[in-house]
Amino acid sequence: MFATRNAIKVAARSFSTGVPLQSKVAVLGAAGGIGQPLSLLLKANPRVTSLGLYDIVNTPGVAADVGHVNTLSEVNGYTAKDKDGLEKALKGAELVVIPAGVPRKPGMTRDDLFNTNASIVRDLTQACAKFCPEAKLLIISNPVNSTVPIATEVFKKAGVYDPKRIFGVTSLDLVRASRFIGDKVGKITDVPVVGGHAGVTIIPLFSQVKGLELSKEERDSLTHRVQFGGDEVVKAKDGTGSATLSMAYAGARFADSLLRAGAGEEVLEWAFIRTSLFEKEGLDFFSTYIKLDKNGVKEILPLPESISEYEKELVQKAIPELKKSETKGTSFVASK
Ligand code: NAD
Ligand code: LMR
């Protein structure tokens, strides 16, 4: 992830045509707990050629600090006080990462953040629809199960909606699942995680890890740990916030996947996206296997037939929860 001297030399990337690839990434909420380390990791990524950092406060300091990291990308920071600050951060962006909004405190669910974060995501995505309608949106702000439907409705209202380009970032669930079984298998192994991003809607597919054998007790406790990993961090931070560093790592990883896909690689990922996989059940959004290309989602893959009966039951339990969150997000935009 971090740039070597050679990587710095290739910061102005190019295909064999010799045409330099410019990849501007905008971060909205850049001065926050996630925004700052995420901006740092993006600055260290040689695929990024320009960073547009935006927050309501403190962005100039973050931009000045991150801007001293010796990769070739330029960094510009804007606050709500700057004339056209949000527009300047967004103009020309290939990716817009959105970690703006309030985090949980102990005892709260992600849905308890809806009242504050729904309007923040609505307003920021309205600006994206206006200033960079072609950008890929990476939504981190919780509750993801509702904020992605909100962004979708905003883009539909603006007449610029393309389901291939709006992503709810669930990568932290994959990072956690991989880390938690890493201790058991003694090496870092990828674990697919599908569904949504809240409690029982988070479904790790341990059945898909080759050679992994878990007792029923191990399976139950690892599944529970992935589903409620966020609570572990919220509890340990004791009222000062939720996961920021691991989220920045996971968000930077997902952004890198999209940048690689943008440069012509075919990449397999998992994210909360618009899909017809559960159309019969009346559900429009689900995190599943996706192939990415330069346009965003190239192909949505169904869940593997070989998932276990236990995992199939988890999917059935998640559907009504996901539907509730989706309706809440969709009606929020419709009602305004
Ligand atoms: P934070 O409070 O540290 O930072 C949030 C930042 O957003 C602040 O700097 C704030 O000024 C900014 N902000 C608020 N309103 C804004 C607006 N209208 N425009 C631009 N910036 C605005 O919070 P955090 O710990 O960084 O978490 C941010 C969000 O990410 C929370 O909603 C949290 O629940 C969510 N989160 C999601 C995941 C995930 O896996 N998807 C993981 C961790 C956290
Ligand atoms: C997480 O999974 O860590 C985030 O969604 C933040 C939270 O509220 O738990």
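Here is what the cut-offs are and how they apply
- Residues numbered from 1 in each chain as written.
- Chains lettered and ligands numbered in written order.
- Predicted model: local features only at pLDDT ≥ 70, side-chain atom pairs only at ≥ 80, totals over all residues.
- Heavy atoms only, no water.
- Phe/Tyr/Trp six-rings, centres within 6.5 Å; stacked < 30°, edge-to-face > 60°.
- Lys NZ or Arg CZ within 6 Å of the ring centre and 35° of its normal.
- Helix = DSSP H or I, 4+ residues; strand = E, 2+ residues; numbered from the N terminus.
- Polar contact = N/O pair within 3.5 Å; in protein donor to acceptor, adjacent residues only side chain to side chain.
- Contact = heavy atoms within 4.5 Å.
- Near = heavy atom within 4 Å.
- Areas by Shrake-Rupley, 256 points an atom, 1.4 Å probe, with all protein chains shown as cover.
- Nonpolar A, V, L, I, M, F, W, Y, C, P; charged D, E, K, R; others polar.
- UniProt positions renumbered as here; feature names shortened; annotations may be inferred.
- Buried < 20%, exposed > 50% of the residue type's maximum accessible area, 1.4 Å probe, protein only.
- Core = buried A, V, L, I, M, F, W, Y, C linked by side-chain atoms within 4.5 Å.
- Lys, Arg positive; Asp, Glu negative; His and termini not counted.
- Salt bridge = Lys/Arg side-chain N within 4 Å of Asp/Glu carboxyl O.

Peer 1: Explain the packing of aromatic side chains residue by residue, including any values.
Peer 2: Applying the stated criterion to the full structure yields 5 aromatic pairs. Positioned above the aromatic ring of Tyr310, the side-chain terminus of Arg219 is 3.5 Å from the ring centre. The lysine or arginine in question, Arg225, covers the ring of Phe180, its NZ or CZ lying 3.8 Å from the ring centre.

Peer 1: Talk me through the side chain of Glu269; I want residue IDs and the actual numbers.
Peer 2: Residue position: Glu269 is located in strand β11 (residues 267-274). Side-chain polar atoms of Glu269 contact the side chain of Ser257, separated by 2.7 Å. Those residues in contact with Glu269 that sit more than four places away from it in its chain are Arg253, Phe254, Ser257, Thr288, Tyr289, Ile290 and Leu292.

Peer 1: Tell me what's going on with the site of ligand 2, and back it up with residues and numbers.
Peer 2: Inspection of the region around ligand 2 gives Arg104, Arg110, Asn142, Leu172, Arg176, His197, Gly230, Ser242 and Ala243 as its neighbouring residues. With respect to ligand 2, the side chain of Arg104 contributes an N or O atom lying 2.6 Å from an oxygen atom. Within the contact set of ligand 2, an oxygen atom lies 2.7 Å away from a side-chain nitrogen or oxygen of Arg176. Considering ligand 2 on its own, with 260 Å² of exposed area, one finds that the protein chains cover 96% of that surface. Considered class by class, the residues forming the shell around ligand 2 number 2 nonpolar, 4 polar and 3 charged.

Peer 1: Can you tell me about the UniProt feature "binding site: substrate" (unreviewed entry) in the protein chain, naming the residues and giving the values?
Peer 2: The positions that UniProt labels "binding site: substrate" (unreviewed entry) are, in the present scheme, Arg104, Arg110, Asn142 and Arg176. Looking at the element boundaries, Arg104 is found in the loop between β6 (95-98) and α5 (114-131). Once residues within four sequence positions are removed from consideration, Arg104 is found in contact with Thr109, Arg110, Leu113, Gly230, Asp231, Val234, Gly241 and Ser242. A polar contact of 2.9 Å, which involves the side chain of Arg104, links it to the backbone oxygen of Met108. By the element assignment, Asn142 lies in the loop between β7 (136-139) and α6 (144-158).

Peer 1: Lay out helix α2 (residues 35-44) with the relevant residues and their values.
Peer 2: By the criterion of burial, α2 is predominantly enclosed, with 8 of the 10 residues buried. Turning to α2, its buried residues are Gly35, Pro37, Leu38, Ser39, Leu41, Leu42, Lys43 and Ala44. Looking at the buried positions of α2, the neighbouring elements they touch are β3 (24-28), β4 (50-54), α3 (59-66), β5 (74-78), β6 and α10 (245-262).

Peer 1: Any details on the nonpolar core? Residues and values, ideally.
Peer 2: Among the nonpolar cores identified, the biggest contains 63 residues, and Leu28, Leu90, Val96, Cys128, Ile150, Val194 and Phe286 are the most heavily contacted of them. Look past the residues within four positions of Cys128 in its chain and what remains in contact with it is Leu28, Leu90, Val96, Ile98, Pro133, Leu137 and Phe155. Membership of the second largest hydrophobic core comes to 39 residues, among which are Val27, Leu95, Ala248 and Ala252.

Peer 1: Pulling in residues and values, what's your account of unusual backbone geometry?
Peer 2: For residues that are not glycine, phi is negative in most cases, and the peptide bond is trans in most cases. Backbone torsion omega between Asn142 and Pro143 reads -5°, so that peptide bond is classified as cis. Here Pro143 lies in the loop between β7 and α6. For Asp84, which is not glycine, the phi dihedral falls at a positive 55°.

Peer 1: Outline the side chain of Lys24, listing residues and values.
Peer 2: Along the polypeptide, Lys24 turns up in strand β3. The buried charged residue Lys24 lacks any salt bridge partner; its closest oppositely charged side chain belongs to Glu74, at an N-O distance of 6.4 Å. The contact partners of Lys24, leaving out residues within four places of it in the chain, are Thr49, Ser50, Gly52, Lys88, Ala89, Leu90, Lys91, Gly92, Ala93, Glu94 and Leu95.

Peer 1: Which residues make up the site of ligand 1, and what values go with them?
Peer 2: Of all residues adjacent to ligand 1, which total 28 residues, the nearest are Gly33, Ile34, Asp55, Val102 and Asn142. Within the side chain of Asp55, an N or O atom sits 2.6 Å from an oxygen atom of ligand 1. The contact in question runs from a nitrogen atom of ligand 1 to an N or O atom on the backbone of Val169, over 3.3 Å. With 3 residues, the top contributor of residues to the shell around ligand 1 is α5. Its residues assigned to classes, the shell around ligand 1 comprises 17 nonpolar, 10 polar and 1 charged.

Peer 1: Could you give an account of the UniProt feature "domain: Lactate/malate dehydrogenase N-terminal" (unreviewed entry) in the protein chain, with specific residues and numbers?
Peer 2: According to UniProt, the "domain: Lactate/malate dehydrogenase N-terminal" (unreviewed entry) feature falls on residues 24-168. Strand forms 18% of residues 24-168 and helix 39%; the C-alpha atoms that close the span are 20 Å apart.

Peer 1: Give me the lowdown on the environment of Lys324, citing residues and values where you can.
Peer 2: If you trace the backbone, Lys324 turns up in helix α11 (residues 309-334). For Lys324 and Leu301, which are 23 residues apart along the polypeptide, the C-alpha to C-alpha distance reads 24 Å.

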